[in-house]
Amino acid sequence: MTKYLLTRLRQSLITLFLVSVVVFAGIRALPGDPALALAGEERSPEALAAVRESYGLDDNVVIQYGRFIGHALTGDLGTSSRTGLPVADAIAQALPVTLELAALSLLLAIVLGIGAGVVAAVRRGKPEEWLANAIALIGLSIPTFWLGIVLVLGFAIAVPVFAASGYVPFGTDPVDNLRRMVLPAIVLGSGLAAVVMRQTRAAMLDSLSADYVRTARAKGLSRGSVVGGHALRNSLVTVVTVLGLQLGHLISGAVVTEQIFVLPGFGKLTIDAVFTRDYATLQAVVLCTSAAYILINLLVDVVYSVIDPRIRLGGAR
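This one's a predicted model, so the numbers in the text were calculated from it and none came from an experiment.

About the cut-offs
- The written sequence of each chain sets the order in which its residues are numbered from 1.
- Local features in this predicted model are restricted to residues of pLDDT 70 or higher, and side-chain atom pairs are both shown and tallied only at a pLDDT of 80 or more, whereas totals for entire chains, interfaces and linings draw on every residue.
- The side-chain values count all of the structure's non-hydrogen atoms but skip hydrogen atoms and water molecules.
- Under the DSSP-based scheme used, a helix requires at least four consecutive residues in state H or I and a strand at least two consecutive residues in state E, with every element numbered from the N terminus.
- Relative accessibility under 20% of the residue-type maximum defines a buried residue, over 50% an exposed one, and the middle range a partly exposed one, all with a 1.4 Å probe and only protein chains included.
- For the purpose of charge, His is not counted, nor are the chain termini; Lys and Arg are scored as positive and Asp and Glu as negative.
- The location of each charge is read from NZ of Lys, CZ of Arg, CG of Asp or CD of Glu.
- Should any heavy atoms of two residues lie within 4.5 Å, those residues are counted as being in contact.
- The definition of a nonpolar core used throughout is a set of buried Ala, Val, Leu, Ile, Met, Phe, Trp, Tyr and Cys residues joined through side-chain atoms within 4.5 Å.

1. Comments concerning the overall build of the protein chain
A tally of helices and strands in the protein chain yields 14 helices and zero strands. When the elements of the protein chain are put in sequence order from the N terminus, they spell out α-α-α-α-α-α-α-α-α-α-α-α-α-α. Residue burial in the protein chain is summarised as follows: out of 317 residues, 37% are buried. Of the side chains in the protein chain, 25 bear a positive and 21 a negative charge, and the two mean positions are spaced by 18 Å.

2. Overview of the environment of V187
Mapped onto the secondary structure, V187 falls in helix α8 (residues 174–208). The class for V187 is buried, based on a relative accessible area of 3%. Distance from V187 to A254, taken between C-alpha atoms, is 9.8 Å for residues 67 residues apart in sequence. Leaving out residues up to four positions away in the same chain, V187 has contacts with T144, L147, G148, L151, T257 and F261.

3. Here we look at the nonpolar core
Among the nonpolar cores identified, the biggest contains 36 residues, and L101, V196 and M204 are the most heavily contacted of them. The set of elements that each furnish at least two residues to this core consists of α5 (87–122), α7 (144–158), α8, α9 (211–218) and α10 (223–252). In terms of residues, this core owes the most to one element, α8, which gives eleven residues. Counting nine residues, the second largest nonpolar core, distinct from the first, contains V87, A94, A280 and A284.

The values are spatial; any link to function lies outside them.
Here it is as structure tokens:
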């Protein structure tokens, strides 16, 4: 187990290094002179020269990259040209909002997606399967922005059960926090729940027709033990893969949802950085998002090894 984890950790660190190179080079390849954006309205030659010297823009690219990595390892992600505040502070304020939204959306997707997928596989050819497939198709087809607007009109304006916008930290007021986060979580998690349902159903159908399931039934095990202890556990490898990929998408793809519900999360921070050409913030956001993807994939590999020891033994060779 230790050898397997060390191997995956080494691969993740190499990937993170390559990602940092791509992010650094990509930001530098954007059109326009960063010094012009940093200088603001004062764009005299002297001011531009002072900005370039202050930010080291005249240095060699390798030196700039080394400085960037060195500062990033100490938690210094630069200073926002839009606000004049440290980028790390802005990320520290925005990231918990997006993480909470992603966690609630993932919880919704797991409960509804896996539950509906198991029911659809066990009740194959029955009305329950048709209903689950129909709901999944609707969840995949409805655009996020349209669903968000409909939910706001229905459950925040017509029937004011939930709040339409804004954010309150969970530690400040848990009830008000959930009132403001339930609708965004439904919007963001509905599509994922549909994907998880379809993948769970397909994996469960394969497992239920396998020899080991027929053997378990022949031994006289209860239906719950056969479905939950044998078929579902062996189907979870596929489901965990989908959840791992989609969780990274939830963190980086919550831009539309956060705009609809005016949540001060990662998505809004990214949009503001793009429109104001805040290079330092944009660079830090892309790097953090990429690091989140890599971390999630590492965690998925660990979960693989718990679900199926054969993967752990094979990956450690």
